[in-house]
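Per-entry structural report
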Amino acid sequence: MTALLEVSGLSKAFGGVRAVQDVSFAIEPGELLALIGPNGAGKTTCFNMLMGQIRPDRGAIRLKGRDIAGLPPHRIWRLGVGRTFQITATFSSMTVRENVQMALISHKNASRRLWRPAAGTETAQAEALLERVGMAEQGDRACSVLAYGDLKRVELAIALANDPDLLLMDEPTAGMAPRERIELMSLADEIVAERRIGVLFTEHDMDVVFAHAHRIMVLNRGQLIAEGAPSAVRANEQVREIYLGSSVEAGAASGEGAS
Amino acid sequence: MTASAPPPVLEARDLHTYYGGAHILADLSFVLNDGEVVVLLGRNGAGKTTTMKSVMGLVRMRAGTVHLEGADITGEEPHVIARAGMGYVPEDRRIFGDLTVMENLEVGRQPPRPGAPAWTPERLFGMFPNLAEMRSRPAGRMSGGEQQMLTVARTLMGNPKVLLLDEPSEGLAPVIVDQMAATIQALKAEGLSILLSEQNLHFATAVSDRAYIVEKGRIRYEGTMDALAADAEVRNTYLTV
Amino acid sequence: MGDFVVTLLTGLSSAAALFLVASGLSIIFGVTRIVNFAHGSFYMLGAYIGVTTVQSIGGGAVGFWVAILLAAVLVGLIGVAMEVLLLRRIYRAPELFQLIATFGVILVIQDVTLWIWGSEDLVGPRAPGFTGAVTILGQRLPEYDLVLIAVSPLVLAGLWLLFNRTRWGTLVRAATLDRQMVSALGVNQRWLFTGVLFLGSALAGLGGAIQLPKGGADLLMDFNIIAAAFVVVVVGGMGSIGGAFLAAILIGLLQTFGIQIFPNSTLILMFLVMAVVLIFRPWGLLGRPEIPGHGVVEAPEAPLRPAGRSLRIGGALAMAFLLLLPVAHLIAPSLVGDFSLVLTIEILIFVLFAVALHFIMGPGGMVSFGHAAFFGGGAYGAALLVKFADAPMEIAFWAAPAGAALLAILFGWFCVRLTGVYFAMLTLAFAQIAWSIVFQWGEVTGGDDGILGTWPSDWASSRVAYYYLTVGFTVAGILAMRRILFAPFGYTLRAGRDSPLRAAAIGIDLKRHQWIAFTISGAFAGLAGALFVYSKGSVFPTSMEIARSFDALLMVLLGGVHSLTGPIVGATALTWLNDLFSELSYWRFLLGATIIALVLLLPDGLAGLGDSWAGRRLGLASPGSESGAGPGSGSGAGDREAPA
């Protein structure tokens, strides 16, 4: 049986600096896999290769058995990969509903229609998605006036518009208050379980990582140095030294308290 | 609250800041006493960054006053405020990626303040040993943690009296966060007064003397870190973990 | 062999002026983020002032060079004056708005130059000591060419030292990356800006003065050099002085060798080289992708709403006015003269042109500096069909937008690979190439004499009939583009402008959509061109020149980029103003001064007033919205401009 996503030997160098070196891993449907590591460890490079923003030097990225390495982002999305960004990326001149409609229109390959107004297209489905992330009441508001936590929810709704099999979330809770973090991740948990979506996410908040990840990978200087269940990774001496530091006790304690 | 004898090193009174029609800061006031580390706590969008930028002159306030060591700096331009002794470390680092570490420090260099030893690259390398090893590396090719240290070092080159640190722990690995906390304590020992903004209560508690809780552009709570730690109700209302 | 070497050296010498102008343009843009349209004017001033200073003090060998340097310094000071009196007051305005100001400066300088030095071309003085020629492998080469060859590397080295070995240079490089941060570190931006304007302008002035012994001075120098300088900057890479150096040499060589091999197609060659460079290096030889600067962040545009009551009423009134004007003309010809119909036709044509440009500029976020290529492309397309195929108006009218669309498909394929100012400069370069083809290819296009005799068919030949035809096409064109903007395609276009990252992450092939939009816009601009050519009965290369492109840009910017009605208002106002001033002898000066005054009085733009009002109505003022509208959103998005 082939995994949902299977990455093998992924490598990328920038001007002689090896950003990502021979990284291999796999994700199964319904699994939440966290990618953690110090700043500059290569997490973002890794992410951008999966999403097609950067072309890998070497290695294969197989989505449902098909190699997608080097495809442009818009084609990778069409194969069933959704994405949320570290700093939210939404269409600021549109309403919340229009943002979701955009994704649906694109999903239906209707983005080149020149005549029929966009306002009436895919409304019901957009409403349903907004309902799912708890943003239905704010559908008519401009995205530019939303609170940050709400924007993150809109992003999630957009990312779900093409019924993805795989969701890539880059620091999904960055810039959010503790309560919002928990709410957003719980929502993600539910949706992932419902739809059997595989999720890969990066995160610096260890509370979030240890409370929500099914499995954790640790990247350092472009290489995977540990991989496994949260408890195993937390106990790993090398990981504690280069990444977790002393704050892991406090972080883990409050994380458990919250979940 | 405020000690009566020496004026606070930084005092902001009744700040009002708007973006377009949006009222971002409403009647926001705080003081920072000499040698103190004070934290503005609040969630994203509460107005912490805008407070810092208003104080620094990077955004226009519609009303309010800011005094630095007793001198009115309200409405001054950023470079005037910086030269008056305010150091600003933005949340998104904003290092000059094409410039080397040494050149980044050079951009920050300002004349020393009388009565205090001037910050020099050598002295800063003592505090940030990592940077010493990469003097001529373009800053854009350093890791996020190294860049964060460089922004602090760059600001110190201006020999500030007050340091504004906007979310210094955001997006950093836990070990780097520990280093940042140690740095803040070391700077406090050097006599700097520091205003930081944070969402990370754990980190804020480790480094701060007092806290203001900001929500929707207003101060909702003010007290020492000990008082805040004891006040479960306030924490539950504004900072729920 | 001798031929080859001499041609090579001639090419290198002709690169000098190009390099000086292009590097100055690049330096000024780097720090101020202003594309200084007036840079060509500074070059021209350098030449004219140089003629005067050399006449005054330039008798001897030393005096000549002192005079040349003095001219450069004087032009530098003019640049400083522009910065202090004009640009400094509007740094807080949206960046594009500042373009308008420098365009006003071009017009003012044109007429001031005309007034001081007259309309005759001036012969450049010769450089004492370098009046002869050297013989290389049996071929003669002017000695002065060798001087020019030495200038570029010397200036390049000097600039390198300045930027890498002085504190000022370090600060300038830092400000190029993030000028607000530089000011927050205690550096007075004003000082940097003024210094950079001096340096950049003086380089342009030096370029103008130093080529005097070869080229002299004339009133067309400003637009001629600016187009070439844009090509150099695009090929070399924006912001890269070394790139400008390489590209200037490349273009210089191309021009001299090209003239020998293909005497009539030098510009096509330049186009080909630029195309090849951009296919392999979209950011130029030594350039890098545009840095989204920490500049002014404009308030987010409000969501699109169907026409409200006031717009419907306004539209209906405008329509009624348009339909009834000829009736009034027939009833009371003394009150509503023939001329009011002529003027209204002209206004309508430019309204259509401006709306077409706005189609990509506003919703598409693609600023074209060279949209006259399509306007003129349409006009020439129709005229050529008449000239060579004797086509009736009915056919030519459809051929014009089709031809313009084909041109847009070709140009667009290259342009949409770039963004921001790179895109803008490339459009200008293409437009200039199109203009040059029309201008140079006399056998087909008539060159400067244009094509005459393009009159409407009989049924449309009366003034009133053609008026209604113009009303019909313009209104239909505007409504069609509006309809497209409300359709999924228009939404997709705006989505790509708002966040290219997110657009790609929801499966949108943005470049393809932008290419289609560019083509649609080109087609409607071509339609406007066809209306134009039949209203005048003739077409000349002026319909494609830079000034025409800039006019359209001005219309859109003055009217307001963020409003669908903005270009209509802007085009009407500007065409009317143009007409008002055109009778006067120094009309350029008046128009330029009016533009500058408008910019100074309304630094937020004509539409800025309406925008804030609309923003309030749409609830943008809700409390606690910092994350979207302000600095809370992180990255560059929330960084407001520091008081400069």
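We now turn to the structure provided with this report. Keep in mind that what you see is a predicted model, and the values were worked out from it rather than measured.

The rules behind the values
Residues numbered from 1 in each chain as written. Chains lettered and ligands numbered in written order. Predicted model: local features only at pLDDT ≥ 70, side-chain atom pairs only at ≥ 80, totals over all residues. Heavy atoms only, no water. Helix = DSSP H or I, 4+ residues; strand = E, 2+ residues; numbered from the N terminus. Rg over C-alpha atoms; globule rule 2.2 N^0.38 Å. Buried < 20%, exposed > 50% of the residue type's maximum accessible area, 1.4 Å probe, protein only. Contact = heavy atoms within 4.5 Å. Areas by Shrake-Rupley, 256 points an atom, 1.4 Å probe, with all protein chains shown as cover. Lys, Arg positive; Asp, Glu negative; His and termini not counted. Charge placed at Lys NZ, Arg CZ, Asp CG, Glu CD. Axes fitted to C-alpha atoms, helices over the stretch in contact; angles between N-to-C directions. Parallel < 35°, antiparallel > 145°, perpendicular 65-115°, else oblique. Left-handed = near helix turned anticlockwise from the far one by under 90°. Nonpolar A, V, L, I, M, F, W, Y, C, P; charged D, E, K, R; others polar. Pairing = 2+ DSSP bridges. Buried area = accessible area lost by both parts, 1.4 Å probe. Salt bridge = Lys/Arg side-chain N within 4 Å of Asp/Glu carboxyl O. Polar contact = N/O pair within 3.5 Å; in protein donor to acceptor, adjacent residues only side chain to side chain. Core = buried A, V, L, I, M, F, W, Y, C linked by side-chain atoms within 4.5 Å. Phe/Tyr/Trp six-rings, centres within 6.5 Å; stacked < 30°, edge-to-face > 60°. Lys NZ or Arg CZ within 6 Å of the ring centre and 35° of its normal.

Description of the overall build of chain B
Scanning chain B for helices and strands turns up 10 helices and 10 strands. Relative to the 2.2 N^0.38 estimate, which gives 18 Å for 241 residues, the radius of gyration of chain B is 17 Å and therefore close to what a compact globule would have. By its C-alpha atoms, chain B is 50 × 40 × 40 Å across when sized along the principal axes. Residue burial in chain B is summarised as follows: out of 241 residues, 59% are buried. Counting contacts in chain B only where the partners sit at least 6 residues apart, residues at least 24 apart contribute 69% of the total. Total accessible area on chain B stands at roughly 8,800 Å², and carbon and sulfur atoms take up 49% of it. Where the 23 positive side-chain charges of chain B centre and where its 29 negative ones centre are 4 Å apart.

What to know about the packing of helix α2 (residues 39–57) of chain C against helix α3 (residues 61–85) of chain C
All names here are of chain C. The contact between α2 and α3 brings their axes to 8 Å, and the two run at 140°. One element, α2, and the other, α3, form an angle in the oblique class. For the pair α2 and α3, the crossing hand works out as right-handed. Only G63, F64, V66, A67, I68, L70, A71, L74, V75, I78, G79 and M82 of α3 make contact with α2, whose side of the interface consists of F42, L45, G46, I49, G50, T53, V54 and I57. Split into classes, the residues belonging to the contact of α2 with α3 amount to 15 nonpolar, 5 polar and no charged.

Quick notes on the sheet that holds strand β10 (residues 223–228) of chain A
Residue and element names in this part refer to chain A. If you walk across this open sheet you meet the 6 strands as β6-β7-β8-β3-β9-β10, and the pairing is mixed. Both edges of this open sheet fall to β6 (81–84) and β10, since each of them pairs with a single strand only. For this sheet the average axis-to-axis angle between neighbouring strands, irrespective of direction, equals 20°. Summarising the sheet, strand β9 (residues 215–220) and β10 pair through 5 bridges and their orientation is antiparallel. For M217, the partnering residue across the bridge sits in β10 and is E227. Each of β6 and β7 (166–170) is contacted by helix α5 (residues 148–160), which is oriented at about 170° to β6, the strand it contacts most.

Considering the interface of chain A and chain C
Contacts between the two partners involve 42 residues from chain A and, on the opposite side, 42 residues from chain C. Where chain A abuts chain C, roughly 3,500 Å² becomes buried across the two surfaces, and 64% of that area is made up of carbon and sulfur atoms. Applying the counting rule to chain A against chain C returns 1 salt bridge. Our count for the contact surface shared by chain A and chain C stands at 16 residue pairs in polar contact (both at pLDDT 80 or more). Secondary-structure elements contributing two or more residues to the side of chain A that touches chain C are α2 (73–78), β6, α3 (96–107) and α5 of chain A. Sort the elements by how many residues they give to the side of chain A that touches chain C and α3(A) lands first, with 5 residues.

Considerations on the nonpolar core
Inside soluble globular proteins, nonpolar side chains tend to come together where they are buried. Counting residues in each nonpolar core, the largest one holds 245 residues, and the members touching the most others are L10(B), M86(B), L164(B), F37(C), F359(C) and F369(C). When residues in this core are grouped by element, the largest group, 17 residues, is from helix α13 (residues 338–361) of chain C. What M86(B) contacts, discounting residues up to four positions off in sequence, is L10(B), V55(B), M56(B), L68(B), I73(B), I81(B), P160(B), V162(B) and L164(B). The next biggest cluster of nonpolar side chains, apart from the first, holds 131 residues, and it includes I27(A), L167(A), I216(A) and A503(C).

Some remarks on the packing of aromatic side chains
All names here are of chain C. This model, assessed by the stated rule, comprises 29 aromatic pairs over all chains. Between F230 and F369 the ring centres are 6.4 Å apart and the planes differ by 40°, which places this aromatic pair in the tilted class. In this pair, F230 is assigned in helix α9 (residues 221–236) and F369 in the loop between α13 and α14 (372–389), connecting sequence segments 139 residues apart. Under the relative-accessibility criterion, F230 is labelled buried at 0%. F369 sits in the buried class, given a relative accessible area of 2%. Each ring, one from W435 and one from F439, has its centre 4.8 Å from the other, and the planes form 15°; the classification is stacked. You can see W435 and its partner F439 sitting in helix α16 (residues 420–440), 4 residues apart, about one turn around the helix. The structure contains a cluster of three or more aromatic residues connected by ring pairs, namely F374, F411, W413, F414, F423, F430 and F518. If you follow R494 out to its NZ or CZ, it ends over the ring of Y491, 4.7 Å from the centre.

Some thoughts on the side chain of H74(A)
Its place among the elements puts H74(A) in helix α2. With residues near it in sequence (within four places) discarded, H74(A) still touches A504(C), G507(C), I508(C) and D509(C).

Details of the pattern of salt bridges
Residues and elements named next belong to chain C. Across all of its chains, the model carries 35 salt bridges over all chains by this definition. Across the pair D111 and R588 runs a salt bridge whose closest N-O atoms are separated by 3.3 Å. Within this pair, whereas D111 is found in helix α4 (residues 95–117), its partner R588 is found in helix α24 (residues 587–601), the two being separated by 477 residues in sequence. Residue D111 is classed as buried on the basis of its relative accessible area of 2%. The partner of R463 in a salt bridge is D338, with the nearest N and O atoms 3.3 Å apart.

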